[in-house]
Amino acid sequence: MSYEELSAFVAAAAQDHGVPGVAVGILADGRESRITHGVTSTEHPLPVDGRTLFHLASVSKTFTATALMRLAAQGRVDLAAPVRRYVPALRLADEEATARITVLQLLNHTAGLDWNLVDADAGDGSLEAFVAGLGRLPLVAPPGARASYSQAGYNLLGRVIENATGLPFEKAVAELLLDPLGLHDTVFDLDDVVVRRFAVGHNPAADGTLAPARPWKSWRAGTRGNNPGGGVVSSVSDLLRWARFQLGDGAGLLPAETLGRMRQPTVELRGSTLGDAFGICWFVRDVGGVRTVGHGGSGNGQFAELLLVPEHDFAVVSLANAGPGGYLFNQAVLKRALELYLGVTEREAEPLPHDEERAREVAGRYEIDAMNLDIVATEGRLTLAVEIKPEIRAASDAEMPPDHPAAAIGFLPGAEDEYVVTEGGLKGQRGFFSRAVDGRITGVDLAGRLFPRRA
């Protein structure tokens, strides 16, 4: 009955969260099941089916990391080597960091790179042009000092793959992974998308109705600088095949122990909803005493989740085509699937009562190159808001996802300055505040990214 119960849940959750079209996949007991609901677009609706393409956004990183691991297994890349061995043109804001950062540190987000370049599609939109601009990207920590999720780091890995293979990144990934695994509906280029059935992302318009998101990905068509970190497009059917490969024996492409190594913790993550640790790319998380590994992705009105439970040979895929409800829909589906198929229940974080003195201590502006994060303390309430910087939004000729308006957060028990968002589109997200040696609040982590304090 698990399939029937989950099917009913998917239909109800899609309606509750205002998502026009969704695709959910389950791998259990060696069998694949698909649940599709709704339509590809509100303006030109077609039924979502098992081969409908969705933009995977950051789930793309699992393909980039696995391609790198295949090159490492072939002896063509050394994970412990400095990145500069493979990208001699690399120049970062700090020369010492440039010389020290290793391939593995990019893979597990410990290289100290900020989130991403604001103008990642500048110039000709190539990976070479992206790497040439990395000297403008701030460093948030010395290499190896801490984990901070970085799109830029994975885009740089794409250039490592290009130089190690002599091929464009997309062709290298196809030859290393997609073609031998038969992932025929997993593509990068919009020319390959438009000849298939595909989902259109949606964001709320000013009147609250859903409007199709433009650009289709989160950047203009034809640019490639963000493809390693977030450019893959795929279907629920292909992602189930991808999950089966990740849980299997390597299919002659990789030793099974290499796939297993990717799922092992390499660096701890504090106070994060995403995981307790980073493996090699994967977020590793304990849910009800069971180890899960997974990765999510947030695009322009499209959201994706891939979760594996290796000890049960189980996987769940969830794809949705509207924001911000698509994120909440995917989280609800993952939680319900674990309950129905594995009997695993996740406990929700319970915040402490409001503490006015503590709230005022953390209140202020935090920011990265592309976004502002504002923590505001008012009488009896502490809120968090995230916005794309107004000057960036104003200067862009592309539509951008809506900001996250102020939503209540609460501190969690313990002395680690951890918090949880209790309402809005980021509901359930956890993070923590960083302190200097003298105790001053210096930054806040959200979604695995460090936002340094500015005011």
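Structural notes, computed from the coordinates. Treat the numbers as computed from the prediction; the structure is a model and nothing was measured.

**Digging into the overall build of the protein chain**
In step 1: A count of helices and strands for the protein chain gives 14 helices and 20 strands.
In step 2: The C-alpha radius of gyration of the protein chain comes to 21 Å, within 12% of the 23 Å expected for a compact globule of 455 residues.
In step 3: Referenced to the eigenvectors of the C-alpha coordinate spread, the extents of the protein chain come out at roughly 60 × 55 × 45 Å.
In step 4: The 455 residues of the protein chain split such that 57% are buried.
In step 5: A sequence separation of at least 24 residues applies to 61% of the contacts in the protein chain between residues at least 6 apart.
In step 6: With 43 positive and 57 negative side-chain charges, the protein chain shows a separation of 3 Å between the mean positions of the two kinds.

**Quick word on empty space enclosed by the protein**
In step 1: Taken as a whole, this structure holds one cavity of 30 Å³ or more when the rule is applied.
In step 2: Roughly 40 Å³ of volume is contained in the largest cavity.
In step 3: Along its surface, the largest cavity is lined by Q105, L106, H109, A111, G112, L113, S148, S150, G153 and Y154.
In step 4: Within the residue set of the lining of the largest cavity, elements represented by two or more residues are α4 (103–107) and α6 (151–165).

**Some details on the pairing of strand β9 (residues 283–287)**
Every other side chain in a regular strand lies on the same face of the sheet, so the side chains alternate between the two faces.
In step 1: Most of β9 is tucked away: four of the five residues are buried.
In step 2: Inspection of the sheet shows strand β8 (residues 277–278) paired to β9 by two bridges, in the antiparallel sense. Bridge pairing in β9 places F278 opposite F283.
In step 3: Note: β9 against strand β10 (residues 290–298), five bridges, orientation antiparallel. Residue F283 lies in a different strand from β10, and its bridge partner there is G294.

**Brief notes about the pairing of strand β13 (residues 364–367)**
In step 1: Two elements, β13 and strand β14 (residues 371–378), share four bridges in a ladder whose sense is antiparallel. Pairing of R365 across the sheet is with D374, part of β14.
In step 2: Once β13 ends, the chain turns through three residues before running back antiparallel as β14.

**Let's talk about the sheet that holds β10**
In step 1: The strand order β2-β1-β12-β11-β10-β9-β8-β7 describes an open sheet built from eight strands, whose pairing is antiparallel. In the strand order of this sheet, the two ends are held by β2 (31–38) and β7 (267–268), each with one partner.
In step 2: Relative to β2, strand β1 (residues 21–28) is paired through eight bridges, and the arrangement is antiparallel. Within β2, the position partnered with V22 by the bridge is H37.
In step 3: Lying over the sheet, helix α1 (residues 2–16) contacts β1 and β2, oriented at roughly 30° with respect to β2.

**Notes on the nonpolar core**
In step 1: Judged by nonpolar contacts, the single largest core of 73 residues is most densely connected at V83, V103, L107, L134, W242 and L319.
In step 2: At seven residues, helix α7 (residues 169–178) tops the list of elements feeding residues into this core.
In step 3: The residues touching V103, leaving out its near neighbours within four places in the chain, are L68, V77, D78, L79, A81, V83, Y86 and L157.
In step 4: Counting residues in hydrophobic clusters, the runner-up holds 33 residues, among them W115, A359, I375 and F411.

**Considering the pattern of salt bridges**
Opposite charge on two side chains makes pairing possible when the charged atoms of those side chains draw close.
In step 1: Summed over the entire model, instances satisfying the criterion amount to 28 salt bridges.
In step 2: R440 is the partner of D438 in a salt bridge, and the nearest nitrogen-oxygen pair spans 2.7 Å.
In step 3: Overall, the relative accessible area of 53% leaves D438 in the exposed class.
In step 4: A cluster of three or more residues bridged by salt bridges with shared partners is formed by R159, E162, E170 and R224.

What counts as what
Counting from 1, residues in each chain are numbered in the order their sequence is written. Only residues with pLDDT of 70 or above have their local features reported here, since the model is predicted, and side-chain atom pairs are shown and tallied only from 80 upward, although totals for entire chains, interfaces and linings are computed over all residues. The side-chain quantities take in all heavy atoms of the structure and omit both hydrogens and water. The secondary structure listing takes helices from DSSP runs of H or I that are at least 4 residues long and strands from runs of E that are at least 2 residues long, numbered from the N terminus. Each radius of gyration is computed over the set of C-alpha atoms, and the globule rule expresses the reference value as 2.2 Å times the number of residues to the power 0.38. Think of it in three bands: with a 1.4 Å probe and only protein chains considered, a residue is buried below 20% of the maximum accessible area for its type, exposed above 50%, and partly exposed in between. In what follows, a contact means two residues having at least one pair of non-hydrogen atoms within 4.5 Å. As used throughout, the charge tally considers Lys and Arg to be positive and Asp and Glu to be negative, leaving His and the chain termini uncounted. Where a charge sits is defined by one atom per residue type, namely NZ (Lys), CZ (Arg), CG (Asp) or CD (Glu). Note on definitions: the grid is 1 Å and covers protein atoms alone; a cavity is a set of points where a 1.4 Å probe fits but cannot get out; a pocket is an open set with protein on both sides within 12 Å along at least five of seven lines; lining residues have an atom within 4 Å of a point. Grid points are joined across faces, edges and corners, and a volume is the space filled by probe spheres set on the points. One bridge is not enough; two strands pair if DSSP finds at least two bridges between them. Interaxial angles span 0 to 180 degrees and are taken between N-to-C directions of axes, which are lines fitted to C-alpha atoms, for helices over the stretch in contact. Residues grouped as a nonpolar core are buried Ala, Val, Leu, Ile, Met, Phe, Trp, Tyr and Cys residues, joined through side-chain atoms within 4.5 Å. Salt bridges are defined as contacts in which a side-chain nitrogen from Lys or Arg sits within 4 Å of a carboxyl oxygen from Asp or Glu.

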